[in-house]
Amino acid sequence: MRITQGTFSFLPDLTDEQIRAQVEYILQQGWAPSIEFTDDPHPRNTYWELWGLPMFDLKDAAGVLMEVRACRAQYPDHYIKVNAFDSTHGFETLRLSFIVNRPNNESGFRLIRQEVDGRALRYTLQSYASDRPPGSRY
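Please read these numbers as outputs of a predicted model, since none were measured by experiment.

Asker: For the pairing of strand 3 (residues 79-86), give the residues involved together with the corresponding values.
Answerer: Here strand 3 lies mainly inside the structure; eight of its eight residues are buried. A two-sided burial pattern is seen for strand 3, the buried positions comprising Y79, K81, N83 and F85 on one face and I80, V82, A84 and D86 on the other. As defined by bridge partners, strand 1 (residues 32-38) adjoins strand 3 across seven bridges and the pair is classed as antiparallel. The residue bridging F37 from the neighbouring strand is I80, located in strand 3. Bridge count between strand 3 and strand 4 (residues 93-101): seven bridges; the pairing is antiparallel. Of the residues in strand 4, the one forming a bridge with V82 is F98. From the end of strand 3 to the start of strand 4, which pair antiparallel, there are six residues, and G90 there has a positive phi angle of about 90 degrees.

Structure representation (structure tokens):
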């Protein structure tokens, strides 16, 4: 199972040089990069853990890559993504988001089917990783 969330998710994993090129594009646009990580990649889990603060005044892609490497070293078996925020309209707008690290084994999701009032069916996704406690999912 391969999680497909964010830009480039259907492509092979980006190399560090390709990540650098994307970060340079983010900085050229005047967007603020940030790094997030999680061990629960459920599609509705939009609030991942923030690694440090968003880098609003950063001008060099090397700073972002340094933080990506540090996050990878701390959480090698987590999903890690880079986000780009645009504040030109007076509020933060997510312009770009892409995964830069994945666990070696992505466990996938199960489909839960429930019969509710009037024999209607309700479907839910649950990550197999969430069967284990946080911190030991991968």
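What follows continues from the structure just given.
Asker: Describe the sheet that holds strand 1, and please don't skip the residues or the numbers.
Answerer: As summarised here, the arrangement of the four strands in space is 2-1-3-4, forming an open sheet in which the pairing is antiparallel. Each edge of the open sheet is held by one strand with a lone partner, namely strand 2 (49-51) and strand 4. Direction aside, the axes of adjacent strands within the sheet are offset by 35 degrees on average. Where helix 1 (residues 16-28) meets the sheet, its contacts fall on strand 1, strand 3 and strand 4, and the angle it forms with strand 4 comes to roughly 165 degrees. Strands strand 1, strand 2, strand 3 and strand 4 of the sheet are contacted by helix 2 (residues 61-74), whose axis makes an angle of about 5 degrees with strand 1.

Asker: I'd like a description of empty space enclosed by the protein, backed by residues and values.
Answerer: For the structure on display, the rule yields one cavity of 30 Å³ or more. Around the largest cavity, the lining residues are R2, Q5, T7, F8, S9, L11, P12, D13, L14, F98, I99 and R102. Taken together, the residues of the lining of the largest cavity sort by class into six nonpolar, three polar and three charged.

What counts and what doesn't
Residues numbered from 1 in each chain as written. Predicted model: local features only at pLDDT ≥ 70, side-chain atom pairs only at ≥ 80, totals over all residues. Heavy atoms only, no water. Buried < 20%, exposed > 50% of the residue type's maximum accessible area, 1.4 Å probe, protein only. Helix = DSSP H or I, 4+ residues; strand = E, 2+ residues; numbered from the N terminus. Pairing = 2+ DSSP bridges. Axes fitted to C-alpha atoms, helices over the stretch in contact; angles between N-to-C directions. Contact = heavy atoms within 4.5 Å. 1 Å grid on protein atoms, 1.4 Å probe; cavity = no way out; pocket = protein on both sides within 12 Å on 5 of 7 lines; lining within 4 Å. Points joined across faces, edges and corners; volume = space filled by probe spheres on them. Nonpolar A, V, L, I, M, F, W, Y, C, P; charged D, E, K, R; others polar.

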